[in-house]
Amino acid sequence: MRIVQLSDPHIVPADRQPVHGQDTLGRLRAAIDAVNVLSPSPDLVVMTGDQINDGSEDSYRAIKDVLSYLRFPCHMAIGNHDYRPVFRRIMLEESVANSAPYYYALERAGQRVIVLDTQDEGEVAGRLNDVQLDWLERGLSTNPPAVICMHHPPVPVGVAWMDELILQESGRFLRICNAHPSLRLILCGHVHHDFCIELDHATVLTAPSVGLQFRKDPVIRADGTRVIATDEPAAFRIVDIDDSGWTTSIRQLAS
Ligand SMILES: [Fe+2]
Ligand SMILES: [Fe+2]
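Residues numbered from 1 in each chain as written. Chains lettered and ligands numbered in written order. Predicted model: local features only at pLDDT ≥ 70, side-chain atom pairs only at ≥ 80, totals over all residues. Heavy atoms only, no water.

### Quick look at the overall build of the protein chain
Next, step 1: A count of helical and extended segments in the protein chain gives 6 helices and 13 strands.
Next, step 2: Here the C-alpha atoms of the protein chain give a radius of gyration of 17 Å, agreeing with the 18 Å that 2.2 N^0.38 yields for 255 residues.
Next, step 3: Based on the C-alpha atoms only, the size of the protein chain along its principal axes is roughly 50 × 40 × 40 Å.
Next, step 4: The buried share among the 255 residues of the protein chain stands at 56%.
Next, step 5: Sequence-distant contacts, at least 24 apart, represent 66% of the contacts inside the protein chain between residues at least 6 apart.
Next, step 6: Accessible surface, the protein chain as shown: approximately 10,900 Å² in total, 48% of it carbon and sulfur.
Next, step 7: Each charge sign in the protein chain was given a centre, from 23 positive and 34 negative side chains, and these centres are 3 Å apart. (Helix = DSSP H or I, 4+ residues; strand = E, 2+ residues; numbered from the N terminus. Rg over C-alpha atoms; globule rule 2.2 N^0.38 Å. Buried < 20%, exposed > 50% of the residue type's maximum accessible area, 1.4 Å probe, protein only. Contact = heavy atoms within 4.5 Å. Areas by Shrake-Rupley, 256 points an atom, 1.4 Å probe, with all protein chains shown as cover. Lys, Arg positive; Asp, Glu negative; His and termini not counted. Charge placed at Lys NZ, Arg CZ, Asp CG, Glu CD.)

Okay, structure coming up:
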């Protein structure tokens, strides 16, 4: 199975670009053009959160429009910048207002994938409540997935300012994952950077952003404001996984 992971596009409409100095809408469109001609084609495209930058309806309409150029369906995880009621209404076309967490499982090419919702509403850091962890534990026991996709990394990445904002109180989540050797990959976003952390059996991979990259060491301006974004190119992750193992690479776009 080939997975393409697009993460953290932070979209706003064209008339409100740029975001942290980058045209995130143009960058996502360029990434879509690159994904459309990948060979082999992806079996699964996942977007691991922060689909939009500001939770607004016009931002979701903008990303929905640009995703219409993608040749493959795009499965999404909720990030801290997302707003569930609007996400559900625009992206999932639900007719009733609903702020419920959005988590689900799917099957592709003989592999099971679970997508979790780590948003802790109003917070930048993430959290998984017991209802979702109970659901995850049942799923891992009865029909174990090879891959979990989620926005917030469940373990520190080694960068102090980022590690304050990862999944909080992740102990039960990690115990569940470590009890199931069939789980091999946990694909995360949020930190806008490529990190790799080993658990007991599975590997946590974080992805660079398809919109804008973060600095490991933010620059503090004379006026005290903090600059966290860089001018590095947009990028996305490719994962190839089968019963014998997995490989991954980062595809950096031209600008
Ligand atoms: Fe983000
Ligand atoms: Fe985030």
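There is more to say after this.
### Considerations on helix α4 (residues 130-142)
Next, step 1: Between its terminal C-alpha atoms α4 stretches 18 Å, which fits the 18 Å expected from 13 residues at 1.5 Å a residue.
Next, step 2: For α4, the complete set of buried residues consists of Gln-132, Leu-133, Leu-136, Gly-139 and Leu-140. The buried residues of α4 all sit within an arc of 125° when viewed along its axis, so they share a single face. Facing away from the buried side of α4, by more than 90 degrees, are the exposed residues Val-131, Arg-138, Ser-141 and Thr-142.
Next, step 3: Residues of α4 that are buried make contact with β5 (111-115), β6 (147-150) and α6 (171-178).
Next, step 4: The backbone nitrogen of Val-131 lies 3.2 Å from a side-chain oxygen of the residue at the head of α4, namely Asn-129. (Expected span 1.5 Å × (residues − 1). Arc of directions from axis to C-beta. Polar contact = N/O pair within 3.5 Å; in protein donor to acceptor, adjacent residues only side chain to side chain.)

### A closer look at the packing of aromatic side chains
Next, step 1: Enumeration according to the criterion identifies 5 aromatic pairs in this entry.
Next, step 2: Centre to centre, the rings of Tyr-102 and Tyr-104 are 4.7 Å apart; their planes meet at 40°, and the pair counts as tilted. Comparing Tyr-102 with Tyr-104, the two get one shared label, buried.
Next, step 3: Through a chain of ring-to-ring contacts, the aromatic side chains of Tyr-60, Phe-87, Tyr-102 and Tyr-104 assemble into a single cluster.
Next, step 4: Against the face of Tyr-69 rests Arg-29, its NZ or CZ located 3.6 Å from the ring centre. (Phe/Tyr/Trp six-rings, centres within 6.5 Å; stacked < 30°, edge-to-face > 60°. Lys NZ or Arg CZ within 6 Å of the ring centre and 35° of its normal.)

### Here's the deal with the coordination of the iron ion (ligand 2)
Next, step 1: The protein atoms that coordinate the iron ion (ligand 2) are Asp-50 (OD), Asn-80 (OD1), His-151 (NE2) and His-190 (ND1), at distances spanning 2.1 to 2.3 Å.
Next, step 2: Coordination at the iron ion (ligand 2) is irregular: its 4 donor atoms span angles of 87 to 161° at the metal.
Next, step 3: Counting the intervening residues between successive donors of the iron ion (ligand 2) yields the motif D-x29-N-x70-H-x38-H.
Next, step 4: In this structure, the iron ion (ligand 2) is positioned 3.5 Å from the iron ion (ligand 1), and both are ligated by Asp-50. Residue Asp-50 is found in the loop between β2 (44-48) and α2 (57-67), and its partner Asn-80 is found in the loop between β3 (74-77) and α3 (84-90); the two are separated by 30 residues along the sequence.
Next, step 5: Asp-50 gets classed as buried once you look at its relative accessible area, which sits at 2%.
Next, step 6: We classify Asn-80 as buried; its relative accessible area is 16%. (Donors = N, O, S within 2.8 Å, 3.2 Å for Na, K, Ca; no water. Tetrahedral: all angles 85-135°; square planar, octahedral: opposite > 155°, others 65-115°.)

### Description of the nonpolar core
The nonpolar side chains of a soluble globular protein tend to be buried, and buried together.
Next, step 1: Among the nonpolar cores identified, the biggest contains 49 residues, and Leu-6, Val-35, Ile-63, Val-147 and Phe-236 are the most heavily contacted of them.
Next, step 2: Per element, the largest residue contribution to this core is 6 residues, and it comes from helix α1 (residues 24-36).
Next, step 3: When near neighbours in sequence (up to four residues on either side) are disregarded, Val-147 contacts Ile-3, Arg-112, Val-113, Ile-114, Leu-183, Leu-185, Leu-187 and Ile-241.
Next, step 4: Listed in part, the 33 residues of the second largest apolar core include Phe-173, Leu-174, Leu-183 and Ile-197. (Core = buried A, V, L, I, M, F, W, Y, C linked by side-chain atoms within 4.5 Å.)

### Focus on the coordination of the iron ion (ligand 1)
Next, step 1: Looking at the iron ion (ligand 1), one finds its protein donor set to be Asp-8 (OD), His-10 (NE2), Asp-50 (OD) and His-192 (NE2), positioned 2.1 to 2.2 Å from the metal centre.
Next, step 2: For the iron ion (ligand 1), the donor residues sit on a single chain with the sequence spacing D-x1-H-x39-D-x141-H.

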